[in-house]
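Each chain, letter by letter, is given below.
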Amino acid sequence: MMFPWSKMFPFPKDYMKEDIFKQSDVEKMMKKAMGGKLPPNPGSLLHSNDFFAQSFDLLNRVQEKKKQKKKPIFQSDVFETHEEVIVRFPLSSEEKLRELVIFHDASTCFLENLPTKGSKQEIKFPCLVKSSGSTAKYQNGILEIRIPKETINSKTKIPIEIIKPSKKK
């Protein structure tokens, strides 16, 4: 029994005998479809004995390009003592300090214009903090923010209403 190739491949038999596509045309269509993401000579990858090495090399180049495009990284350290939360992060100059805007709510510290003008950062606190009493000091290229912890753990008693079923007559 023969497999019905002609039903699965709807083109005429003579269609494949003709060389209607040139290699350069196929490469142009592929580059257009892939948005220029193919290497300059994709055929060389197939003819090489070291395909995996070239693949890893290509992957490394793509990752390097991504790293170059990323915006500057902001890193901070958050510490918790018995009485306060301390946030520390490096700041390159006093000029950056003048542009910096800092505010916080009970659970998050908000920084504006850091690491670049117009950017925003959020630092989550490990516990709730008070709305007043915060201080910030800049020394030796490090900005340190100290915020008192909220120590009042207010509890509210909830009264329970007892509803008895009404007696029907």
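Residues numbered from 1 in each chain as written. Predicted model: local features only at pLDDT ≥ 70, side-chain atom pairs only at ≥ 80, totals over all residues. Heavy atoms only, no water.

Some details on the packing of aromatic side chains
Link 1 in the chain: Counted under the stated rule, the structure contains 2 aromatic pairs.
Link 2 in the chain: Seen in terms of ring centroids, F74 and F89 are 5.3 Å apart; in terms of plane orientation they differ by 65°. Their pairing is edge-to-face. Highlighted residues: F74 in the loop between α4 (51-69) and β1 (77-80) and F89 in strand β2 (residues 84-90), separated in sequence by 15 residues.
Link 3 in the chain: Residue F74 is classed as buried on the basis of its relative accessible area of 18%.
Link 4 in the chain: Look at F89 and you get buried, because its relative accessible area is 1%.
Link 5 in the chain: Centre to centre, the rings of F103 and F110 are 5.4 Å apart; their planes meet at 25°, and the pair counts as stacked. (Phe/Tyr/Trp six-rings, centres within 6.5 Å; stacked < 30°, edge-to-face > 60°. Helix = DSSP H or I, 4+ residues; strand = E, 2+ residues; numbered from the N terminus. Buried < 20%, exposed > 50% of the residue type's maximum accessible area, 1.4 Å probe, protein only.)

Describing the pattern of salt bridges
Link 1 in the chain: Taken as a whole, this structure holds 6 salt bridges when the rule is applied.
Link 2 in the chain: The shortest N-O distance in the salt bridge between D57 and R61 comes to 3.4 Å. One end of the pair is D57 and the other is R61, both in helix α4 and 4 residues apart, which spans about a single turn.
Link 3 in the chain: Assessed through its relative accessible area of 46%, R61 is described here as partly exposed.
Link 4 in the chain: Among the ionic pairs, E95 bridges to R98, the shortest N-O distance being 3.4 Å. Note that E95 and R98 are positioned in helix α5 (residues 94-99) at a spacing of 3 residues, about one turn of the helix.
Link 5 in the chain: Residue classification places E95 among the partly exposed positions, given a relative accessible area of 49%.
Link 6 in the chain: Here R98 falls in the exposed class, since its relative accessible area comes to 60%.
Link 7 in the chain: Several salt bridges share partner residues, and in doing so they unite E84, R88, E144 and R146 into one network. (Salt bridge = Lys/Arg side-chain N within 4 Å of Asp/Glu carboxyl O.)

Brief notes about the nonpolar core
Link 1 in the chain: One finds F89, L100, L111, L114, F125 and I145 to be the most contacted residues of the largest nonpolar core, which totals 16 residues.
Link 2 in the chain: Ignoring anything within four residues of it in the chain, the contact list for L114 reads F74, F89, L91, L100, S119, K120 and Q121. (Core = buried A, V, L, I, M, F, W, Y, C linked by side-chain atoms within 4.5 Å. Contact = heavy atoms within 4.5 Å.)

Some remarks on the pairing of strand β3 (residues 101-104)
Link 1 in the chain: Pairing analysis gives 4 bridges linking β3 to strand β4 (residues 108-112), with the strands arranged antiparallel. Bridged to H104 within β4 is C109.
Link 2 in the chain: As consecutive antiparallel partners, β3 and β4 are separated by 3 residues. (Pairing = 2+ DSSP bridges.)

A look at the sheet that holds β3
Note on sheets: strands pair through backbone hydrogen bonds, and any given pair is parallel or antiparallel.
Link 1 in the chain: Strand order across the open sheet formed by 3 strands is β3-β4-β5, with antiparallel pairing between neighbours. Unpaired on one side and paired on the other, β3 and β5 (120-124) mark the two borders of the sheet. The mean angle between the axes of side-by-side strands here comes to 15°, regardless of whether they run parallel or antiparallel.
Link 2 in the chain: By the bridge criterion, 5 bridges tie β4 to β5 in an arrangement that is antiparallel. Opposite F110, over in β5, you have E122 as the bridge partner. (Axes fitted to C-alpha atoms, helices over the stretch in contact; angles between N-to-C directions.)

Brief notes about the environment of V87
Link 1 in the chain: For V87, the position within the fold is in strand β2.
Link 2 in the chain: Residues V87 and C109 lie 22 residues apart in sequence; the distance between their C-alpha atoms is 8.8 Å.
Link 3 in the chain: Not counting the four nearest positions on each side in its chain, V87 is found in contact with D77, V78, I123, F125, L143, E144 and I145.

Description of the side chain of S119
Link 1 in the chain: Along the chain, S119 turns up in the loop between β4 and β5.
Link 2 in the chain: Accessibility expressed as a relative area gives 18% for S119, which makes it buried.
Link 3 in the chain: A distance of 2.9 Å separates a polar side-chain atom of S119 from the backbone oxygen of L114.
Link 4 in the chain: Non-local contacts of S119, meaning those with residues more than four positions away in its chain, are made with L111, E112, N113 and L114. (Polar contact = N/O pair within 3.5 Å; in protein donor to acceptor, adjacent residues only side chain to side chain.)

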